[in-house]
Amino acid sequence: MSYYINKKMKKNKIWLIGASQMAVDYAKVLKALNIDFITIGRGIESANNFTKETGNEVIRGGIEKYINSKPIKPDAAIVAVGVEQLKSAAEILLHYGIKKILLEKPGGLTTNEVVELNSIAKNYSADVFIGYNRRFYSSVIKSKEIIREDGGIQSFNFEFTEWSHIIEKMVKAKGVKDSWFISNSSHVIDTAFYIGGKPSRISSYTAGELSWHKPAIFSGAGVTTTNALFSYTANWQAPGRWGIEFLTKKHRLILRPIEKLQIQELGSISTSFIDIDDKLDQLYKPGLYLQTKAFMDNIYNDLCTLSEQATSLKDYYRKMSEIAF
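Definitions and cut-offs
Every chain is numbered independently, its residues counted from 1 as its sequence is written. Selection of residues for local features in this predicted model requires a pLDDT of at least 70, selection of side-chain atom pairs for listing and counting requires 80 or more, and totals for whole chains, interfaces and linings are taken over all residues. Only hydrogens and water are removed before side-chain values are computed, so all heavy atoms of the structure are retained for them. Helix numbering and strand numbering both begin at the N terminus, where a helix is a DSSP run of H or I of at least 4 residues and a strand a DSSP run of E of at least 2. Axis definition: a line fitted to C-alpha atoms, over the contacting stretch in the case of helices. Angles run 0 to 180 degrees between N-to-C directions. What sets the label is the angle itself: under 35 degrees gives roughly parallel, over 145 gives roughly antiparallel, 65 to 115 gives roughly perpendicular, and the rest give oblique. Crossings are assigned a handedness: left-handed for a near helix turned anticlockwise from the far helix by less than a right angle, right-handed for a clockwise turn. Only heavy atoms matter for contacts: two residues are in contact if any of them lie within 4.5 Å across the pair. Only Asp, Glu, Lys and Arg are considered charged, only Ala, Val, Leu, Ile, Met, Phe, Trp, Tyr, Cys and Pro nonpolar, and every remaining residue, Gly among them, polar. Working definition: rings of Phe, Tyr and Trp (its six-membered ring) pair if their centres are within 6.5 Å, and the pair is stacked with planes under 30 degrees apart, edge-to-face with planes over 60 apart, and tilted otherwise. Any residue under 20% of the maximum accessible area for its type is buried, any over 50% is exposed, and the rest in between are partly exposed; the area is computed with a 1.4 Å probe on protein chains only. Lysine NZ or arginine CZ positioned within 6 Å of the ring centre and within 35 degrees of the ring normal marks a charge as sitting over the ring. Each pair of strands is called paired provided DSSP finds at least two bridges between the two strands. When a carboxyl oxygen of Asp or Glu lies within 4 Å of a side-chain nitrogen of Lys or Arg, that pair is called a salt bridge. To estimate the expected span of a helix, subtract one from its residue number and multiply by 1.5 Å. Every patch collects residues that have over 30% relative accessible area and no salt bridge, joining them within 9 Å if they carry like charges and within 5 Å if they are nonpolar side chains (Val, Leu, Ile, Met, Phe, Trp, Tyr). In this description, accessible areas are obtained by the Shrake-Rupley approach with a 1.4 Å probe, and a residue is regarded as covered only by the protein chains that are shown. Nonpolar core, defined: a set of buried Ala, Val, Leu, Ile, Met, Phe, Trp, Tyr and Cys residues in which side-chain atoms within 4.5 Å join the residues together.

Undergrad: Mind showing me how you'd approach unusual backbone geometry here?
TA: Of all residues except glycine, most have a negative phi; of all peptide bonds, most are trans. Between Lys 214 and the following residue, Pro 215, the backbone shows a cis peptide bond with an omega angle of 5 degrees. Within the secondary structure, Pro 215 is located in the loop between strand S8 (199-207) and strand S9 (217-224).

Structure (structure tokens):
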């Protein structure tokens, strides 16, 4: 599969909401795609850093203030603000009549925020997508290709252990650490179920707690809508790392780290890394170029919709994170 960087035709201007490091990463991709954009932010420090990193100025004062000036509506908006601001920023855009939004993961601080935002988006007939860029990793694309050639997935397992000894020292807005499971661990959970299929049945168990999050230990298993068996584990009080393994009749595919792909052949105990075309993942934040291009080109098949996210959070995310004993 080949991809190109568009250097010919400028596309219509879009709004990039936020001046965070994630917004910087989006700006680099938008420039490579030759898409005209303006950036709207709030903080002075983040705006200065954004300009230093990208060469683009930031309209300061926040999205609400900017909209009060009655600007011309853009074709689309990308929201790259802090987790605690995602819902409010997207809601402002929807009320102003923006019909196409790419919203950074997970779409809100809590399940209720995401569900409420989804209802608002439906009322405005807007297309809102959640930015799970790992769906567009070169390693993930290659995994899907091999799985398809092998006739599908039989089973898979994944781990989403977080490094709590580092996270507890981070300074975050109120509520962000409490929602770490959906705001951060969902990166790997979404990738696993995106490839393996959504759970049709799931049994989940949790235990333990940290000073900033409850629960701390997760385990479970189930069956997907594609009849693949799956299991998962995570222990935020112990060493570990993110990883996913997909098993077909011919191969074990190992994404650990998720940016890389190892393969184990049937009848062998050895594993080897597969050469993948990850040029775009080297030039830009991994997955972000292809995700943004798909969004701008209206190719939505691999994007996570806000409606999908709301359903997932109400269903299996909630089951996976509830205290069982």
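Undergrad: Explanation requested: the packing of helix H1 (residues 21-32) against helix H2 (residues 44-54) in the structure shown.
TA: When two helices pack together, their arrangement is given by the angle between the helix axes and the distance between those axes. Following both chains from N to C, one finds H1 and H2 inclined at 30 degrees, their axes separated by 10 Å at the closest point. Classified by the angle between their axes, H1 and H2 sit roughly parallel to one another. Considering how the two elements wind past one another, H1 and H2 form a crossing that is right-handed. Note on element contacts: H2 touches H1 through Asn 49, Phe 50, Glu 53 and Thr 54, opposite Gln 21, Ala 23, Val 24, Ala 27, Lys 28 and Lys 31. Partitioning the contact of H1 with H2 into residue classes produces four nonpolar, three polar and three charged.

Undergrad: Explain the packing of aromatic side chains to me, please; I cannot follow it from the model alone.
TA: Given two aromatic rings, their pairing is described by the distance between the two centres and the angle made by the two planes. Per the stated rule, a full pass over the model turns up 23 aromatic pairs. Ring geometry for Phe 129 versus Phe 295: centroids 6.2 Å apart, planes at 75 degrees, classification edge-to-face. Linking Phe 129 in strand S6 (residues 127-131) with Phe 295 in helix H10 (residues 288-296), this pair joins segments that are 166 residues apart in sequence. Phe 295 matches Phe 129 in its accessibility class, with the two residues each being buried. Between the aromatic rings of Phe 193 and Phe 230, the centroid separation amounts to 5.0 Å while the plane-to-plane angle is 85 degrees, which identifies the pairing as edge-to-face. Taken together, the residues Phe 193 in helix H8 (residues 180-196) and Phe 230 in strand S10 (residues 229-235) connect sequence positions 37 residues apart. Just as Phe 193 is buried, Phe 230 falls in that class too. The ring of Tyr 96 has Lys 73 sitting right over it, with the charged end atom 5.9 Å from the ring centre. The ring of Phe 295 has Lys 100 sitting right over it, with the charged end atom 4.9 Å from the ring centre.

Undergrad: For this particular structure, what's the right way to read the pairing of strand S7 (residues 155-160)?
TA: Here is the key point about a regular strand: its side chains alternate between the two faces of the sheet. In the sheet, S7 pairs with S10 via five bridges, with the strands oriented parallel. Within S10, the residue paired with Phe 158 across the bridge is Tyr 232.

Undergrad: When you look at the pattern of salt bridges in this model, what are you seeing that I'm missing?
TA: Counting across every chain of the model gives 13 salt bridges. Notably, a salt bridge pairs Lys 293 with Asp 297, separated by 2.8 Å at the nearest N-O pair. What makes Lys 293 buried here is its relative accessible area of 16%. Assessed through its relative accessible area of 25%, Asp 297 is described here as partly exposed. Through salt bridges with shared partners, one network takes in Arg 135, Asp 190, Lys 198 and Glu 308.

Undergrad: What is the right way to read the sheet that holds S7 from this model?
TA: In a beta sheet, neighbouring strands are held together by backbone hydrogen bonds and run either parallel or antiparallel to one another. Across the sheet, which stays open at both edges, the eight strands sit in the order S8-S9-S10-S7-S11-S12-S13-S14 with mixed pairing between neighbours. A single partner strand is all that each edge strand has here, and the edge strands are S8 and strand S14 (272-273). By the bridge criterion, four bridges tie strand S12 (residues 251-255) to strand S13 (residues 262-265) in an arrangement that is antiparallel. For Arg 252, the partnering residue across the bridge sits in S13 and is Gln 264.

Undergrad: Which parts of the structure should I look at to understand H1?
TA: Spacing of three or four residues puts side chains on the same side of an α-helix, whose turn is 3.6 residues. For H1, which comprises 12 residues, the first-to-last C-alpha distance of 17 Å matches the rise-based estimate of 16 Å (1.5 Å per residue) to within 8%. A large share of H1 lies buried, amounting to nine of its 12 residues. Residues of H1 that are buried include every one of Met 22, Ala 23, Val 24, Asp 25, Tyr 26, Ala 27, Val 29, Leu 30 and Ala 32, and no others. Phi turns positive, to about 60 degrees, at Asn 34, one or two residues after H1.

Undergrad: Quick question: what am I supposed to make of a nonpolar patch on the surface here?
TA: On the surface, a nonpolar cluster with roughly 280 Å² of combined accessible area is contributed by Trp 163, Ile 166 and Met 170. Tracing the chain through its elements places Trp 163 in the loop between S7 and helix H7 (164-167).

Undergrad: Quick question: what am I supposed to make of the nonpolar core here?
TA: Generally speaking, nonpolar side chains in soluble globular proteins are found buried as a group. By size, the foremost hydrophobic cluster in this structure holds 75 residues, and its most contacted members are Trp 15, Leu 93, Phe 158, Phe 160, Ile 189 and Met 320. Of all the elements, H8 adds the most residues to this core, at nine residues. In this view, Ile 189 contacts Phe 158, Phe 160, Phe 181, Tyr 316, Tyr 317 and Met 320; residues no more than four positions away in its chain are not counted. Listed in part, the 32 residues of the second largest apolar core include Ala 19, Ala 23, Leu 33 and Tyr 284.

Purely spatial values, then, with no claim about function.
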